[in-house]
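Examination of the molecular architecture
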Amino acid sequence: MVKPDLIIQGGTLLTMVEGEQPIRDATLLIQTGRIAGLLAPGDARPDFKGVQVLDATGTLVMPGLVNAHGHTAMTLFRGLADDLPLKQWLFEKIFPAEAKHLSEETVYWGALLGCLEMIASGTTTVSDGYFFQDATARAFQKAGIRALVAQGVIDFPAPGVPDPAQNLAVGKAFIERWDHVSDLIRPGLFCHSLTTCSDRTLQEAMAISRNFSLPLQVHLSETREEAEEVVRRSGERPVLHLARLGLLNQSLIAVHAVHLEDEEIRLLARHQVGIVHCPESNMKLASGTARVAEMLKKELTVGLGTDGCASNNNLDLFKEMDTAAKLGKIATLDPVSTGAATVLKMATIGGAKVLGLDKEIGTLEVGKKADITTLNIKKPHLVPLYNPLSTIVYSASGSDVRDVIVNGKVLMKDRAFTGLDAEEVMAKVREISDKIRT
C-alpha cells in the first residue's frame, strides 16, 4: 500500500456515491492530493508512522461543497444596496459602485474575504464570474480553493474593460493566461445575460469556450422582466432564442433559470444544459421561484449557488441547501419535493457535474481529488442524529464545519485557518469599504 500524506480517521463518512450508506468510524488515506484508500471499521489499518493524522471523531466526513455560481469579490458590496428590485439594484447601485471602486487590488481582497467565508462554511469549489479576474484567480490560488474563474463579458463599458468591443479579446487573453497553469484554477467566460450581451457576443463567447473545452456561464431568465425583454427583442422565449443561435449544449451553464415555460425546460434537458439554482438571491431580489422539481424530473443536472454577497448576503451553502429544500416544497405544495438527499446532491456531485468536474470531485471515492469537509456533530442542535442527510440540510450551518481539505491540503483545522490571515483580510476590506461608504 502506498504511504499516504494525510490520514483522516474516525467520524461517519458520507461518500455521496449513489446507493452507498454512511460508514461509521471510517478512515480515508490521502496521497498526492487524491483519495488513495477508504477503509471501513473491519478493514486492516496499517500503522503509517510519521504521517499527518486528522482525528475526525465526532464529525460527519463529507465531500466539500460546490458553490456552482458566485461573484466572490462582491463581498465588497455586502449590504450596500438591499431591498431593491433587481434592475434598480443592478443599474442604479451595483454597476455604478463597481465602475468607481473595482480594481485589481480591491477585487483581490474582496475575493480573499469570500474565500475565508467559503472555507469557513465548508465550500471547497466555487464557480466565479466577475471582472479583474486575474486578481480573483490569484486570490483563489493563495487561499487554496478550487475554482472555475470566468471573465465577465458584457456589451457596455465594464471594470477593466472600458471598450466593450474588446470584451471577448480580454476574455480570451484571460483564458490563455490561466489555461493549465494550476491544478486548482480553471478559467472561462461568463456572459452576463441575454439582455446585456448581443447575439454575436454570445455566439463568439461560446465558440471561444468550446475551442478551449471550457464551459460558458450565463444568467438566464432571472426575472420575468428580463425574459419579456428577450421576447420583445427577438420574438422568442429566451431558451428558444438560445437554441436558434446554436448555444444549447453541454458547455452551457444557465444560472437562475427562474422564468421558464415547459417547452424551455424540455429543450434544456434535451441538450443537457447545466442549471444553477440560487434560491436565496432569487428570493431577496423577488426574482421568483425556479421550477427545480420539474427540472429534476426531466433529468436536468442542477447545482446550487449562492450568487454574490450583494444579493444574498452570505456565501454559506448550508443555508442555501435549507432554503432550496423548503422553497421547493412550498413551490410545489409537496412535502416530498426537493428532499434532503436531493438538495445535498445539488451542493456536491450535482454542482460538480454542472461545472464538468464530476470525474474529479463531488463524491468521496478512491482516485478522486481529496476535497473534504468535516462537520462537528457534537452540538445541541445536531443531536440526535437519525438521518445524516437531513441533519446536514435542515439543522446544520456553515459554522458547524470543523475542518476543510482541498487537494489533500488542510485549509482549516478545528475552525482555524492554516494558510490565510483572516484579520489582515478583514482589515483590508474594511479600508476599502470606508472608501466606498464616503
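Details of the structure are given in the entry above.
Residues numbered from 1 in each chain as written. Predicted model: local features only at pLDDT ≥ 70, side-chain atom pairs only at ≥ 80, totals over all residues. Heavy atoms only, no water.

**Here we look at the sheet that holds strand E4 (residues 27-31)**
Across the sheet, four strands lie side by side as E5-E4-E1-E6; this open sheet has mixed pairing. The open sheet is flanked by strand E5 (34-39) and strand E6 (52-55), the only strands paired with a single partner. The mean angle between the axes of side-by-side strands here comes to 20 degrees, regardless of whether they run parallel or antiparallel. (Pairing = 2+ DSSP bridges. Helix = DSSP H or I, 4+ residues; strand = E, 2+ residues; numbered from the N terminus. Axes fitted to C-alpha atoms, helices over the stretch in contact; angles between N-to-C directions.)

**As for the nonpolar core**
Within the largest apolar cluster, 117 residues are counted, with the highest numbers of intra-cluster contacts made by Phe77, Trp89, Phe140, Leu268, Met295, Met321 and Ile392. With 11 residues, helix H2 (residues 104-120) is the single largest residue contributor to this core. Not counting chain neighbours up to four residues away, the residues in contact with Phe77 comprise Ile94, Ala97, Glu98, Leu102, Tyr130, Ala310 and Ile436. Ranked by size, the runner-up nonpolar core spans 16 residues in total, among them Leu13, Ile35, Leu54 and Val61. (Core = buried A, V, L, I, M, F, W, Y, C linked by side-chain atoms within 4.5 Å. Buried < 20%, exposed > 50% of the residue type's maximum accessible area, 1.4 Å probe, protein only. Contact = heavy atoms within 4.5 Å.)

**What to know about the environment of Cys309**
Counting through the fold element by element, Cys309 comes out in the loop between strand E15 (302-304) and helix H11 (317-332). Once the C-alpha coordinates of Cys309 and Ala68 are considered, the two residues, 241 residues apart in sequence, prove to be 14 Å apart. Those residues within four positions of Cys309 in sequence are excluded, and the remaining contacts are Met74, Thr75, Arg78, Gly79, Glu117, Asn314 and Leu315.

**Structural notes on the state of the cysteines**
Within the structure shown, the criterion is met by zero disulfides. Distance from the sulfur of Cys191, which forms no disulfide, to the nearest cysteine sulfur (Cys197) is 4.4 Å. Given a relative accessible area of 0%, Cys191 falls into the buried group. (Disulfide = S-S within 2.5 Å.)

**Thoughts on the packing of H2 against helix H14 (residues 422-437)**
The interhelical angle for the contact between H2 and H14, taken along N-to-C directions, is 135 degrees, at an axis separation of 9 Å. With respect to their mutual orientation, H2 and H14 come out oblique. The interaxial crossing formed by H2 with H14 has left-handed handedness. In this structure, H2 uses Thr106, Trp109, Gly110, Leu112, Leu113 and Leu116 to contact H14, whose residues at the interface are Ala422, Glu424, Val425, Met426, Lys428, Val429 and Ile432. Split into classes, the residues belonging to the contact of H2 with H14 amount to nine nonpolar, two polar and two charged. (Parallel < 35°, antiparallel > 145°, perpendicular 65-115°, else oblique. Left-handed = near helix turned anticlockwise from the far one by under 90°. Nonpolar A, V, L, I, M, F, W, Y, C, P; charged D, E, K, R; others polar.)

**A word on the pairing of strand E7 (residues 59-63)**
E7 sits mainly inside the fold: five of its five residues count as buried. Examined bridge by bridge, strand E2 (residues 12-13) and E7 share two bridges and lie parallel to one another. Within E7, the residue paired with Thr12 across the bridge is Leu60. Looking at chain direction, E7 and strand E16 (residues 372-376) are connected through five bridges and run antiparallel. Bridge pairing in E16 places Thr59 opposite Asn376.

**Observations regarding the pattern of salt bridges**
One pass over the full model with this rule turns up 21 salt bridges. Across the salt bridge formed by Lys369 and Asp183, the nearest N and O atoms sit 2.8 Å from each other. Separated by 186 residues along the polypeptide, Lys369 in the loop between helix H12 (340-354) and E16 and Asp183 in the loop between helix H4 (167-178) and strand E11 (185-193) bring together distant segments of the chain. Note on Lys369: relative accessible area 9%, which makes it buried. (Salt bridge = Lys/Arg side-chain N within 4 Å of Asp/Glu carboxyl O.)

Honestly, it's all geometry; don't read function into it.
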